[in-house]
Amino acid sequence: MRGLGLVAIVALAAPAWGQVPNFVFSYRSTVQPTPVPVLPSGAIPFGNQRLGTTGNLNLIMGNRGTVGWTILEVSISGPPFGLVAGPTGTGTDLAPGEDRLITLSFTPRLRGPVDGALTIKVQPRLSTTDPDQGPGGDRIATFIFFLSGTGLAPDLVQSYILSADGNQVIVANNDTITFPPTEVLQTSTGTFVITNRGNGPGMVTRVTLTAPGTMRLSGVPLLPAPVEAGRDVRFSFLFSPLTQERVNGTLRLEFEEGQPPLNVLLTGQGMGATYVYEFLQDNGTIQVAPNGTFTVPTTTVGTTASVNVRVRNTGNGMGRVTNIAASGTGFALTNLPFLPATVPAGQAVTFTVNFAPTLSGPAEGRLRIDDAVINLAGTGLGSTLIFGVRQGTTVTPLPVNGTVSFPNTTVGTRSSQSVVITNTGNTEARVASINLTGDPFTLERLPSLPVSLGAGQAVEFTVQFLPTGVGAANGSVQIDLQRINVAGVGVLPPPLPAVTYSGATGTVEPGVQPAAGVTIAQAYPLDITGRLTLSFTSDAFSDDPAIQFSTGGRTINFTIPAGSTTAVFRDQTEVQFQTGTVAGTITLGATFTTGAVDLTPVPAPVKTLTVPAAAPRLRGVQIGSRSATSFEVVVTGFSTLRSLTDLALQFAAAAGGNLQTSSLGVNVEVPFSTWYRGGGSVQFGSQFTAVIVIQVSGDINAVQSVTVTASNARGASAPVSVNLR
């Protein structure tokens, strides 16, 4: 044990009359709400408790014997521990089966572990007049329990680390943290560390920095911020000087009650470069301030004038030039130093500005050296071509790479713009070539090239816009080395009038060639191109390739000239097509375009024709090979159902002949089903050729003719006859 003197533990012998206390003990707390059994001489832990606060614990004392007891004393040793509630002296009885609650407290004043002891003394509750039990006052039982707890308290230590050296330095109140010399617009960084070396949590309640805008904090946690034992809280403090001056600031940290605030002085020196910009000429040096203007000598177009520029560092620190650039037509830089360039105080870098005008007249540019801008001015001598667009008598100028915009133009029509080229220079100009790119545009009224233009003279040509599709269209006109853009928007033409189909209607016979045509309700102002398409939906689960236009295939192109209403198919107003031999639906559909615009109505108009399912049709019956005892009957025809069930043959006798068999029926369902299901039959639609071999007993010349009838599910065909002689 720590913090206690010697404790004597006395083991009590049972009285002769057997009065031994039968007690049970347990404890509980808000941290441990479930009672925990404890034996006499056992430990009762209070756990961790912050300094200056109090934690309570209940000890439950229960009498499980058959004799009542009197609590004589409840006492505590150890200053942080105390008795809050419960029996404190003589007179409190504990009957058999009864429990008593003793409330203990722990209020630590020092950080670290603390020990104490709880002593409870009891004696039997006996009558001194009972000779069998004897006096109870001489029988005292003592119970001792060892108390323990830990006082928690933070021990906050402040330190800082500058990124420049990485060393961690303890800092006290009113100490000074000095940033290393820092370049203007650069940043020096430090890390402030609050370390808790105690065993309890601390709390940072406020962090402030009183300083000009060149100092700031970064990464400060959400306040108030706890600092757990053995952990730290960190944030950054930064110095970003704007000038070459010394700057001071104050960092203040405030903590929870009981910890004094910390004030730290921050100081830093700004270092940097100050530049002067000098243009070196034969007749002397000209110094130009940022945003000032330097004028280069007048220069003939096609030649170059050069001026050297010196950038000198007059500041107190190392300078760094990272970017040198010139802008403006005709201005360029040469002899640049390797960038980024380091410029120590008192030293300089030099380079050359060149002026090579491409146009006559005034020229402007800019020289940029990091953040400093110097305006450049010059004059070019020579000819200058400018472009414009004529609207009546007015010419609207076009900038270099400008755009000639056409009005929205209906697809299939055209619009025009006149482009004017004028020489505004002071010498003669020459235009050698004019070229156009962009499919919807064309050039008209071009001058004879090359053409010479004196000062103030002009030449004109026309650009035409002929859109073939809806939407924006772009192109460009290249005039020698210069370019102008052309742009227009093709808009939708008027909607297509109602479409009708001429020619065959409703149900059509198989194996015929009806005609079809296309018309629109009113004349259309633009040329129309279209395509007429045949499609077929079979009722017999098989296509019929014979269904096609007379020109071949299932599509044919047509035109409807502007101002007309009738489609023209290869100089004809209607086109024939074959209906085939398979039952189903033939659909005629057309699409229409003008230019690249689809005029086809939605839904597209169609015409449907029905090839009906019908009884077979025989196209011919012929006699094939024959001998003295047999002959072949060759039957050709079609069945739109692509099925055949029976062939019936009727024989006629020759004059003077006698036939024992005058008719013959043949069930052909199986062979015909096999034929129509096979891939080889598809190319013939429903057409078939059947060969029936007739065996003759007797004189074959007795047969004069054969008549054939074919049947399917829809009925029998018309009979067809053939003579044998």
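Residue numbers run consecutively from 1 along every chain, following the written order of its sequence. In keeping with the predicted nature of the model, local features appear solely for residues at pLDDT of at least 70, side-chain atom pairs appear and are counted solely at 80 or more, and the whole-chain, interface and lining totals rest on all residues. As a rule here, side-chain values cover all heavy atoms of the structure and leave hydrogens and water aside.

Regarding the overall build of the protein chain
A tally of helices and strands in the protein chain yields one helix and 61 strands. Radius of gyration: C-alpha atoms only; globule rule: 2.2 Å multiplied by the number of residues to the exponent 0.38. Its C-alpha atoms give the protein chain a radius of gyration of 58 Å, more than 25% over the compact-globule value 27 Å for 725 residues. Based on the C-alpha atoms only, the size of the protein chain along its principal axes is roughly 165 × 120 × 45 Å. Classification of the 725 residues of the protein chain by burial places 41% in the buried group. Carbon and sulfur atoms make up 50% of the accessible area of the protein chain, which totals about 36,100 Å². Secondary structure is summarised from DSSP: a helix means a run of H or I of at least four residues, a strand means a run of E of at least two, and numbering begins at the N terminus for each. For every residue, the accessible area (1.4 Å probe, protein chains only) is compared with the maximum for its type, and the residue is labelled buried under 20%, exposed over 50%, or partly exposed between those bounds. Per-residue accessibility takes into account occlusion by the displayed protein chains alone, with areas from the Shrake-Rupley method and a 1.4 Å probe.

Thoughts on the packing of aromatic side chains
Side-chain rings of Phe, Tyr and Trp, where Trp is taken by its six-membered ring, are said to pair if the distance between their centres is within 6.5 Å; with planes under 30 degrees apart they count as stacked, over 60 as edge-to-face, and otherwise as tilted. Tallying each qualifying case throughout the model produces 21 aromatic pairs. Through a chain of ring-to-ring contacts, the aromatic side chains of Phe23, Phe25, Trp69, Phe143 and Phe145 assemble into a single cluster.

Comments concerning the layout of surface pockets
Note on definitions: the grid is 1 Å and covers protein atoms alone; a cavity is a set of points where a 1.4 Å probe fits but cannot get out; a pocket is an open set with protein on both sides within 12 Å along at least five of seven lines; lining residues have an atom within 4 Å of a point. Grid points are joined across faces, edges and corners, and a volume is the space filled by probe spheres set on the points. In this model, the largest pocket occupies a volume close to 510 Å³. Together, 20 residues line the largest pocket, and Leu185, Ala273, Tyr275, Arg320 and Asp370 are the ones closest to its centre. At the level of secondary structure, the elements contributing two or more residues to the lining of the largest pocket comprise strand 22 (275–281) and strand 27 (319–321). Only Asp, Glu, Lys and Arg are considered charged in this grouping, and only Ala, Val, Leu, Ile, Met, Phe, Trp, Tyr, Cys and Pro are considered nonpolar; every other residue, Gly among them, is considered polar. Each residue belonging to the lining of the largest pocket can be placed in one class, and the counts come to eleven nonpolar, five polar and four charged.

Considerations on the sheet that holds strand 35 (residues 394–398)
DSSP bridges decide pairing: two strands pair if at least two such bridges lie between them. Overall, antiparallel pairing links the five strands, which are arranged 35-34-38-43-41 in an open sheet. Looking along the sheet, the strands with just one partner apiece sit at the ends: strand 35 and strand 41 (441–444). When the angles between neighbouring strand axes are averaged without regard to direction, this sheet yields 35°. As defined by bridge partners, strand 34 (residues 385–391) adjoins strand 38 (residues 415–423) across six bridges and the pair is classed as antiparallel. Bridge pairing links glycine 388 to valine 420 in strand 38. Each axis is a line fitted through C-alpha atoms, and for a helix only the stretch in contact is used; angles between axes span 0 to 180 degrees, taken between their N-to-C directions.

Thoughts on the pattern of salt bridges
For salt bridges, the criterion is a side-chain nitrogen of Lys or Arg within 4 Å of an Asp or Glu carboxyl oxygen. Here the structure, examined in full by the defined rule, presents 13 salt bridges. Salt-bridge contacts for aspartate 99 lead to arginine 64; the nearest nitrogen and oxygen are separated by 3.1 Å. One end of the pair, aspartate 99, is in strand 8 (residues 99–106); the other, arginine 64, is in the loop between strand 4 (55–63) and strand 5 (69–77), and 35 residues separate them in sequence. Residue arginine 64 is classed as partly exposed on the basis of its relative accessible area of 41%. A salt bridge links glutamate 98 to arginine 100, with the shortest nitrogen-to-oxygen separation between them at 3.2 Å.

Observations regarding the sheet that holds strand 47 (residues 515–520)
The sheet built from three strands is open, its strands ordered 46-47-50 with antiparallel pairing. The outermost strands of the open sheet, each flanked by one partner alone, are strand 46 (499–503) and strand 50 (575–576). As judged from the five bridges shared by strand 46 and strand 47, these two strands associate in the antiparallel manner. Its bridge partner being in strand 47, serine 502 is matched across the sheet by glycine 517.

As for the nonpolar core
With 34 residues, the main nonpolar core has Leu532 and Phe592 as its most contacted residues. Those elements that place two or more of their residues in this core are strand 46, strand 47, strand 48 (528–538), strand 49 (555–560), strand 51 (584–594) and strand 53 (606–611). Buried residues of nine kinds, namely Ala, Val, Leu, Ile, Met, Phe, Trp, Tyr and Cys, make up a nonpolar core once their side-chain atoms join them within 4.5 Å.

Quick word on the side chain of serine 188
Its place among the elements puts serine 188 in strand 15 (residues 188–196). Identification of polar contacts relies on pairs of N or O atoms within 3.5 Å, with a donor-acceptor requirement for protein atoms, meaning one able to donate a hydrogen and the other able to accept it, and with residues adjacent in sequence counted only if both atoms are side-chain atoms. Of the polar contacts made by the side chain of serine 188, one reaches the side chain of threonine 182; its length is 2.5 Å.

Digging into the environment of leucine 223
Mapped onto the secondary structure, leucine 223 falls in the loop between strand 17 (215–218) and strand 18 (225–227). Accessibility expressed as a relative area gives 29% for leucine 223, which makes it partly exposed. C-alpha separation for the pair leucine 223 and threonine 205, spaced 18 residues apart in sequence, amounts to 5.7 Å. Any two residues whose heavy atoms approach within 4.5 Å are treated as being in contact. Setting aside its immediate chain neighbours within four residues, leucine 223 contacts Val204, Thr205, Arg206 and Val207.

What to know about the pairing of strand 51
The element strand 51 is extensively covered by neighbouring structure, given that eight of its eleven residues are classed as buried. When strand 51 meets strand 53, the two strands line up antiparallel, connected through six bridges. Bridge pairing in strand 53 places leucine 588 opposite lysine 607. Summarising the sheet, strand 51 and strand 52 (residues 597–598) pair through two bridges and their orientation is antiparallel.

Quick word on the confidence of the model for the protein chain
The quantity known as pLDDT measures the predictor's confidence residue by residue, on a range of 0 to 100. Considering every residue of the protein chain, the mean pLDDT works out to 89; 95% of them sit at 70 or more. Throughout residues 1–18 the model reports pLDDT below 50, and contacts reaching past four residues in sequence, or to other chains, amount to 25 contacts. Under a pLDDT of 50 for its full length, residues 127–136 has, in the predicted model, eleven contacts with residues more than four places off or in other chains.

A word on the side chain of threonine 594
Structurally, the position occupied by threonine 594 is in strand 51. Here threonine 594 falls in the buried class, since its relative accessible area comes to 4%. Engagement of the side chain of threonine 594 in a polar contact is seen with the backbone oxygen of aspartate 527, the distance being 3.0 Å. Not counting residues within four places of it along the chain, the set of residues in contact with threonine 594 comprises Val411, Thr468, Pro493, Leu526, Asp527 and Leu599.

A word on unusual backbone geometry
The residue after leucine 449, namely proline 450, is reached through a cis peptide bond having omega -5°. Mapped onto the fold, proline 450 is located in the loop between strand 41 and strand 42 (451–453). For the bond from valine 602 to proline 603, the omega torsion is 0°, close enough to zero to count as cis. The phi torsion at aspartate 480 lies on the positive side, around 55°, for a residue other than glycine. Of note, aspartate 480 is situated in the loop between strand 44 (471–479) and strand 45 (482–491). For aspartate 480, a relative accessible area of 24% gives the class partly exposed. Unlike most non-glycine residues, phenylalanine 541 shows phi in positive territory, near 60°. Looking at the secondary structure, you find phenylalanine 541 in the loop between strand 48 and strand 49.

A word on the environment of glycine 112
Turning to its location among the elements, glycine 112 is positioned in strand 9 (residues 112–124). Residue glycine 112 is classed as buried on the basis of its relative accessible area, which comes to 11%. Each residue touching glycine 112, except ones within four places of it in the same chain, is listed here: Gly149, Thr150, Gly151 and Asn199.

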